[in-house]
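Fold and contact review
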Amino acid sequence: MFGTIDTWLMWNLTGGVNGGLHITDVTNASRTMLMNINTLTWDPQLCKFFDVPMNILPEIRSSSEIYSYMGQGSLKGVPISGILGDQQAALVGQTCFKDGQAKNTYGTGCFLLYNTGSQPVISEHGLLTTVAYKLGKTTPAVYALEGSVAIAGAVVQWLKDNIGIIEKSADIEKLAASVQSTAGTYFVPAFSGLYAPYWQTDARGVICGLTQFTTKAHIARAALEAVCFQTKEILDAMNQDSGIPLSSLQVDGGMTANNLLMQLQADILAIPVVRPSMTETTALGAAMAAGMAVGVWSFDEKPITTDTFMPVLPLAERDQRFAKWKQAVQRSMHWESYANDENIKGRPVV
């Protein structure tokens, strides 16, 4: 038997070796690289390529239906009715059910999903096409474009643990807010390369624009702006691929507690940023999918209240700062391959 973590959980919760259910849902199956996202079935060619026997794979089901019931314990008999992948669950939790709605999860990295409706959109700008959800046996699947940022909250952790300019992660908001701008400092935290839309594994982190007047506060603010600029690059790619410019961005995840970050994000995107009162929307989305299957929740309900951050930065200044960010990104490119070039090793850097 083979499956993802949800398969293992479902199998054990429904009896394990004593008749446990061997299934997964379309969102988790799509992340195995074995499922055809158009037919929503295991793809014989992909399974052959990866040398995975199709007879060991779980049955693919929708994200919201009564699959079975708890097989033992105090919850025996309770229906199990929702399965969603991590980021897809956050999309549902943010109620992004219409074409052109998107959410961004701010954690160690950033994960932006953009609802493209019932037809998959193949990206021409460095994004991934994925299944967003399928809420019911007979309802059509909904697709999304996805872009990932490798380093978001991790840059705050780096400033705390490696550089020591803050004592705890929450301190970065106060430190960054102590200055009005980065004073021309730009921080590209490409510690492990750049993800979407560049996909440059040989990029490395750079801090540009330092002067003798630069302080740790400027670097802290530049780190927060880096998260926002990276999100803008993904969102620009999504707007180009989908042809539907985003009118607002739904946000969730631990970093969204930082009000300064949320305001910077609204300014850099030039659209409202909408933060739910309950920011752990991944768990909420899975619960909503389960609730739909048993009739305790519907599309018409809006389960969470929100805060909205409106852009106030003049567009000319936003565009100027974004152009500088793009220059900084270019300086981070191909750093690893340059450093390993045998023709330049040992030469003085000019």
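Position numbers for residues start from 1 in each chain and track the written sequence from start to end. This being a predicted model, a pLDDT of at least 70 is required before a residue's local features are given, and a value of 80 or more before pairs of side-chain atoms are given or counted; all residues contribute to the totals for chains, interfaces and linings. Derived side-chain values reflect all non-hydrogen atoms in the structure, with water molecules and hydrogen atoms excluded from consideration.

**Things to note about the environment of V17**
- By the element assignment, V17 lies in the loop between α1 (5-13) and β1 (23-25).
- Each residue gets one of three labels from its accessible area relative to the maximum for its type: buried under 20%, exposed over 50%, partly exposed in between, using a 1.4 Å probe on protein chains only. Overall, the relative accessible area of 71% leaves V17 in the exposed class.
- Remark: the alpha-carbon pair of V17 and P314, spanning 297 residues in sequence, is separated by 62 Å. Note on conventions: DSSP H or I runs of at least 4 residues are helices, E runs of at least 2 residues are strands, and numbering of each starts at the N terminus.

**Points about the sheet that holds strand β14 (residues 273-276)**
- Criterion used throughout: strands pair if DSSP finds at least two bridges between them. With respect to topology, seven strands assemble into an open sheet ordered β9-β10-β8-β7-β13-β14-β15, the strand pairing being mixed. Two strands bound the open sheet, and with one partner strand each, they are β9 (128-133) and β15 (306-309). Neighbour to neighbour, the strand axes of the sheet diverge by 30° on average, direction disregarded.
- By the bridge criterion, seven bridges tie strand β8 (residues 110-117) to strand β10 (residues 142-149) in an arrangement that is antiparallel. Bridging across to β10, N115 finds its partner in A144.
- Most of the contacts of helix α8 (residues 259-269) go to β14, to which it runs at about 150°, and overall it touches β7 (102-106), β13 (249-252), β14 and β15. Every axis corresponds to a line fitted to the C-alpha atoms, with the helix fit spanning only the stretch in contact, and the corresponding angles, defined between N-to-C directions, vary from 0 to 180 degrees. Between two residues, a contact is recorded if the distance between any of their heavy atoms is within 4.5 Å.

**Notes on empty space enclosed by the protein**
- Whether a set of points on the 1 Å grid over the protein atoms alone is a cavity depends on a 1.4 Å probe fitting there but being unable to get out, while an open set qualifies as a pocket with protein on both sides within 12 Å along at least five of seven lines; lining residues are those with an atom within 4 Å of a point. Grid points are joined across faces, edges and corners, and a volume is the space filled by probe spheres set on the points. This structure, assessed with the given rule, holds one cavity of 30 Å³ or more.
- Space inside the largest cavity adds up to approximately 100 Å³.
- What lines the largest cavity is a set of 15 residues, among which L194, Y195, A196, Y198 and Q230 lie closest to the centre.
- If you list the elements that add at least two residues to the lining of the largest cavity, you get β10 and α7 (216-242).

**As for the packing of helix α4 (residues 86-93) against helix α9 (residues 281-293)**
- Running from N to C, α4 and α9 point in directions that differ by 75°, and their axes come no closer than 7 Å. Taken as axis vectors, α4 and α9 run roughly perpendicular relative to one another. Facing α4, whose interface residues are D86, A89, A90, V92 and G93, α9 presents T281, T282, L284, G285, A286 and M288.
- Each residue is assigned to one class: nonpolar for Ala, Val, Leu, Ile, Met, Phe, Trp, Tyr, Cys and Pro, charged for Asp, Glu, Lys and Arg, and polar for all the others, Gly among them. Partitioned by chemical class, the residues of the contact of α4 with α9 number six nonpolar, four polar and one charged. Angle categories are assigned with fixed cut-offs, so that under 35 degrees is roughly parallel, over 145 is roughly antiparallel, 65 to 115 is roughly perpendicular, and the rest are oblique.

**A word on the packing of aromatic side chains**
- Here a Phe, Tyr or Trp ring, Trp counted by its six-membered ring, pairs with any other such ring whose centre lies within 6.5 Å, and the pair is stacked when the planes are under 30 degrees apart, edge-to-face when over 60, and tilted otherwise. With the rule as written, the count across this model stands at ten aromatic pairs.
- Note on W158 and F191: the rings are 5.0 Å apart at their centroids and 40° apart in plane angle, and the pair reads as tilted. With W158 in helix α5 (residues 153-163) and F191 in the loop between β11 (186-188) and β12 (206-208), this pair connects stretches of sequence that are 33 residues apart.
- Judged by its relative accessible area of 23%, W158 is partly exposed.
- Judged by centre distance (6.3 Å) and plane angle (35°), the rings of Y186 and F229 are tilted. Linking Y186 in strand β11 with F229 in helix α7, this pair joins segments that are 43 residues apart in sequence. Like Y186, the residue F229 is buried in the burial classification.
- Comment: the charge-over-ring label is applied if NZ (Lys) or CZ (Arg) is within 6 Å of the ring centre and within 35 degrees of the ring normal. Positioned above the aromatic ring of F322, the side-chain terminus of K232 is 4.8 Å from the ring centre.

Keep in mind these numbers describe shape, not what the thing actually does.
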